[in-house]
Amino acid sequence: MQSRALEILVGFFVCIGVAAVFVLTFRVASQDHVGSGAVYEVTAKFDNIGALTRGAAVKMAGVKIGAVKGISIDPKTFQAVVAIDIDKDRSDIPLDSTAKIMTAGLLGEQYIGLEPGGDDQSLQNGSEIKFTQSAFILENIIGQVLVSMTQKGKDSDSPAPAPAPASAPAAKAVPAK
Amino acid sequence: MSSNSSILGDFLRGLGGATFFLITILRALPGALLRPRLILQQLYYVGVMSLIIIVISGTFVGWILALQGFRTLTTFGATSALGVFVAATVIREMAPVVTALLFAGRAGSALAAEIGLMKATDQLSGMEMMAVDPIKRVIAPRFIAVLISLPLLTAIFAVMAIGRAGGHLIGVDLLGVDQGTYWGQIHAQIKLHDVIESIIKSACFGVVIGWISVYQGYFAAPTSEGVSRATTSTVVMSSLTVVGLDFVLTAFMFR
């Protein structure tokens, strides 16, 4: 009788231990691989990748479809070359899709957002995403805003003609967003 | 000078002896696995009896981390990251280390005292007289029980600390972090390999604690003082080794 109680208690212990492992694995942690785990690799060149790191998510319409595999620099153009692993189940992404480096939230981690194009051909293993948009660098934007504000201040101080130089950097700043 | 070298010599001799002892235990493991009844009994003493202390301290660690993390994160206006703060700290460091430390105090010391007393009362040599190998019969089942229990206890600790009764209770119900944000941030940041590495860590700690406690018990001086010394040095050495090993494992895993 006593040994029966002992067996039940040990069984109970092992059960909740294994259950805890399962909870940690399936409820707390997200899986490392998306889909079946098979991937194909494409590359994209960016002028500036900001704080993008290896392992960052690649999302399409907000859904994770891959991850950044590696980051290197092109020795000729000095652009960042980002190698991207995309889930094999998503093999019909148009060739002229756009890769943008986006930020999750205002100060969150950076990820690559893919926006589908309209091409009939789709991305293959080894193909390059031609249309890219660099990271949103907060310092640059703030700098541009400050420059345009001081320019505006000068303009209002001295009502001289030619507002053109003031509007030129401001106009540049807006489409950069 | 001579006392220095004798301390070093004692240390090396102890380490060498402990290594041979570990090899002896590992050789006895397959035979011990054929006697699940003995392992079951030890699982009860080592695992089930440690359950309450692990559950309670896991819950409290979750509360503490949530309170402390909330204060720190408020400074940066990032309280939405509270969930991942608690979960990452618990899974990567707190759960394996705190569980191992508590386990060394709760179960390791008991193992060393039990084996040491068995030796002091000549039970071990009595077994040898009856051609029963005390390594197979006494040491190996306890070693296996420690090895099985510690990862399970670590997982229970982590679930208690992160879950509904732990960090969630303080973070969501008391401090008002949104429940969806709490879990969403955890899902976004905690990866499967974090959990696997946490379990690998606790398995390593299990080997260390099991090894130290049975070694200390088995080679304790057969006196009441010897047993008390074995118990103390089990806890001290296990705790120090766990903390040191944790640094090495963390340096390996989370770079």
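The structure under discussion appears in the preceding block.
Rules of the game
- Residues numbered from 1 in each chain as written.
- Chains lettered and ligands numbered in written order.
- Predicted model: local features only at pLDDT ≥ 70, side-chain atom pairs only at ≥ 80, totals over all residues.
- Helix = DSSP H or I, 4+ residues; strand = E, 2+ residues; numbered from the N terminus.
- Buried ≥ 20, exposed ≤ 12 C-beta atoms within 10 Å, placed from the backbone.
- Expected span 1.5 Å × (residues − 1).
- Pairing = 2+ DSSP bridges.
- Arc of directions from axis to C-beta.
- Axes fitted to C-alpha atoms, helices over the stretch in contact; angles between N-to-C directions.
- Parallel < 35°, antiparallel > 145°, perpendicular 65-115°, else oblique.
- Left-handed = near helix turned anticlockwise from the far one by under 90°.
- Contact = placed C-beta atoms within 7 Å.
- Nonpolar A, V, L, I, M, F, W, Y, C, P; charged D, E, K, R; others polar.
- Core = buried A, V, L, I, M, F, W, Y, C linked by C-beta atoms within 7 Å.

## Structural notes on the overall build of chain B
Counting its regular elements, chain B contains ten helices and zero strands. For chain B, the sequential pattern of α-helices and β-strands runs α-α-α-α-α-α-α-α-α-α. Going through the 255 residues of chain B one by one, you find that 44% of them count as buried.

## Describing helix α10 (residues 224–253) of chain B
Helix length check: α10 of chain B (30 residues) gives 42 Å between terminal C-alpha atoms against 44 Å at 1.5 Å per residue, within 8%. Among the residues of α10 of chain B, those classed as buried are V227, A230, T231, T234, V235, S238 and V242 of chain B.

## Regarding the pairing of strand β6 (residues 110–115) of chain A
All names here are of chain A. Bridging between strand β2 (residues 57–60) and β6 involves three bridges; their strand directions are parallel. Bridge pairing links V58 to I112 in β6. As defined by bridge partners, strand β5 (residues 98–103) adjoins β6 across six bridges and the pair is classed as antiparallel. Counterpart to I101 in the pairing with β6 is I112.

## Some words on helix α2 (residues 36–46) of chain B
Along α2 of chain B, the positions that sit buried rather than exposed are I39, Q42, L43 and V46 of chain B. When α2 of chain B is viewed along its axis, its buried side chains cluster within an angular range of 110° and face the same direction.

## Let's talk about the pairing of strand β4 (residues 80–87) of chain A
Residues and elements named next belong to chain A. Of the two faces of β4, the one holding A80, V82, I84 and I86 is buried and the one holding V81, A83, D85 and D87 is not buried anywhere. In this structure, strand β3 (residues 63–73) lies alongside β4, joined through seven bridges in antiparallel fashion. Its bridge partner lying in β4, I73 is registered against A80. Hairpin remark: β3 followed by β4, antiparallel, with six residues in the connecting loop; positive phi at F78, about 55°.

## Structural notes on the packing of helix α3 (residues 51–75) of chain B against helix α6 (residues 134–162) of chain B
To characterise two packed helices, one gives the angle between the axes of the helices and the distance between these axes. Residue and element names in this part refer to chain B. With their axes 7 Å apart at the nearest point, α3 and α6 run at an angle of 40° to one another. Classified by the angle between their axes, α3 and α6 sit oblique to one another. The hand of the α3/α6 crossing is right-handed. Between α3 and α6, the residues in contact are I54, V55, G58, T59, V61 and G62 and L153, I156, F157, M160, A161 and I162, respectively. Taken together, the residues of the contact of α3 with α6 sort by class into nine nonpolar, three polar and no charged.

## Description of the packing of helix α4 (residues 82–120) of chain B against helix α8 (residues 179–189) of chain B
Residues and elements named next belong to chain B. For the pair α4 and α8, the least separation of the axes is 7 Å and the interaxial angle reads 50°. Classified by the interaxial angle, the pair formed by α4 and α8 is oblique. Between α4 and α8 the crossing geometry is right-handed. Where α4 approaches α8, its residues L82, G83, V84, A87 and A88 are matched on the opposing element by T181, Y182, W183, Q185, I186 and Q189. Considering only residue class, the contact of α4 with α8 consists of seven nonpolar, four polar and no charged.

## Some points on the environment of L95 of chain A
Residue and element names in this part refer to chain A. Within the secondary structure, L95 sits in the loop between β4 and β5. Spatially, the C-alpha atoms of L95 and K45 are 15 Å apart, while their sequence positions differ by 50 residues. Excluding its chain neighbours within four sequence positions, the residues that come into contact with L95 are D119, Q121, S122, L123 and S127.

## Describing the nonpolar core
In terms of nonpolar packing, the biggest core is built from 81 residues, with A87, V90 and A158 of chain B touching the most fellow members. In this structure, A87 of chain B is in contact with V28 of chain A together with I162, I186 and I190 of chain B, ignoring residues within four places of it in sequence.

## A few points about the sheet that holds strand β8 (residues 131–133) of chain A
All names here are of chain A. One open sheet holds the eight strands; their spatial order is β7-β1-β4-β3-β2-β6-β5-β8, and the pairing between them is mixed. Either end of the sheet is taken by a strand with one partner, and the two such strands are β7 (128–129) and β8. With two bridges joining them, strand β1 (residues 39–46) and β7 adopt parallel strand pairing. Its bridge partner lying in β7, T43 is registered against E128.

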